[in-house]
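A structural walkthrough
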Amino acid sequence: MTIYSLFKTLLVTLFCLTKLGLPIKVYATDTVRFLKPLKGHEKRTLHKDEVILRALQITEPEFGDYQLETLQVDITPDRARQYIQEGKILNTFINPSNTKWDEYAIPIKIPLRLGLISYRLLLVNKDKLSVFKEVKTFAQLSQLTAGLQSSWVTTQIFT
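Here's a quick rundown of the structure. Here the structure is a predicted model, which is why all the values come from computation and not from measurement. (Residues numbered from 1 in each chain as written. Predicted model: local features only at pLDDT ≥ 70, side-chain atom pairs only at ≥ 80, totals over all residues. Heavy atoms only, no water.)

With that settled, consider the overall build of the chain. Regarding its fold elements, the chain presents seven helices and two strands. When the helices and strands of the chain are placed in sequence order, the string is α-β-α-β-α-α-α-α-α. Across the chain, every contact between residues at least 6 apart in sequence was considered, and the portion connecting residues at least 24 apart equals 55%. Surface accessibility of the chain: about 13,100 Å² in total, with carbon and sulfur atoms responsible for 60%. (Helix = DSSP H or I, 4+ residues; strand = E, 2+ residues; numbered from the N terminus. Contact = heavy atoms within 4.5 Å. Areas by Shrake-Rupley, 256 points an atom, 1.4 Å probe, with all protein chains shown as cover.)

Printed below as a string of structure tokens:
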């Protein structure tokens with residue numbers, strides 16, 4: 001029996017089973033590729049890993065087996081979005097939702113950090129305390145600079 005005839009027999013058998021109304025389940029192993037930063041011992045990074053792993057464990061009976069692959073580098077969210085868009089290096093990333101990301105990824109809008117992502121502490125250099133004591137209005141505050149990363153979703157709020 002040749003490979004071709006074996007394949008043809010398999011297809012005919014599957015066709016007959018579906019005509020009889022018998023359900024046929026076929027599973028493939030999903031490969032989940034996500035970022036594992038080099039500074040991965042931080043609690044927030046460990047939390048992200050645990051969320052991904054737990055979601056996969058809970059949904060395994062419904063969606064089948066999975067395999068985890070990690071990218072061991074530190075990259076910006078913008079670079080991660082580029083990788084997600086290309087679909088080659090990453091296919092899973094936890095990031096605050098925004099319209100830019102939603103164009104290239106399927107958002108799962110669950111507040112993993114219970115809405116705490118946008119809470120910020122105001123730290124002031126003690127040499128600049130006198131400047132901040134004089135701030136009474138938003139206009140005065142907006143003249144000062146803050147230490148924000150350009151790739152943070154919340155940066156737009158503060159600038």
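Read on for the rest.
Counting residues in each nonpolar core, the largest one holds six residues, listed as L35, A80, Y83, I84, L90 and W101. Ranked by residues supplied to this core, first place goes to helix α3 (residues 77-86) with three residues. If near-sequence neighbours (up to four positions away) are discounted, L90 is found in contact with R33, F34, L35, L71, I75, A80, Y83 and I84. By size, the runner-up hydrophobic cluster in this structure holds five residues, among which are V32, F34, I52 and I94. (Core = buried A, V, L, I, M, F, W, Y, C linked by side-chain atoms within 4.5 Å. Buried < 20%, exposed > 50% of the residue type's maximum accessible area, 1.4 Å probe, protein only.)

Before going further, it helps to spend a moment on the pattern of salt bridges. For the coordinates displayed, the defined rule picks out one salt bridge. Here R81 makes a salt bridge to D78, at a shortest N to O gap of 3.0 Å. One end of the pair is R81 and the other is D78, both in helix α3 and three residues apart, which spans about a single turn. For D78, a relative accessible area of 33% puts it in the partly exposed group. (Salt bridge = Lys/Arg side-chain N within 4 Å of Asp/Glu carboxyl O.)

To continue, consider the packing of aromatic side chains. Per the stated rule, a full pass over the model turns up one aromatic pair. Considering the side-chain rings of F93 and W101, the 5.2 Å spacing of their centres and the 5 degrees angle between planes classify their relative orientation as stacked. Classification of W101 as buried rests on a relative accessible area of 9%. (Phe/Tyr/Trp six-rings, centres within 6.5 Å; stacked < 30°, edge-to-face > 60°.)

With that out of the way, let us pick up a nonpolar patch on the surface. Residues F7, L10 and L11 make up a contiguous nonpolar surface patch of roughly 300 Å² in combined accessible area. Its place among the elements puts L11 in helix α1 (residues 3-19). A relative accessible area of 45% means that L11 is categorised as partly exposed. (Patch = residues over 30% accessible without salt bridge, like charges linked within 9 Å, V, L, I, M, F, W, Y side chains within 5 Å.)

So, on to α3. Since there are 3.6 residues in each turn of an α-helix, residues three or four apart along the chain are aligned in direction. For α3, the set of buried residues is P77, A80, R81, Y83 and I84. Along the axis of α3, the buried positions cluster into a sector of 160 degrees, meaning they face one direction only. Looking at the buried positions of α3, the neighbouring elements they touch are β2 (66-71) and α4 (99-102). (Arc of directions from axis to C-beta.)

Along the chain, R33 turns up in strand β1 (residues 30-35). For R33, which is buried and forms no salt bridge, the nearest opposite charge comes from E69, at a distance of 4.7 Å. In this structure the side chain of R33 is engaged in a polar contact, spanning 2.9 Å, whose partner is the backbone oxygen of G87. Once you skip the residues sitting within four places of it in the chain, R33 turns out to touch E69, G87, K88, I89, L90, N91 and T92. (Lys, Arg positive; Asp, Glu negative; His and termini not counted. Polar contact = N/O pair within 3.5 Å; in protein donor to acceptor, adjacent residues only side chain to side chain.)

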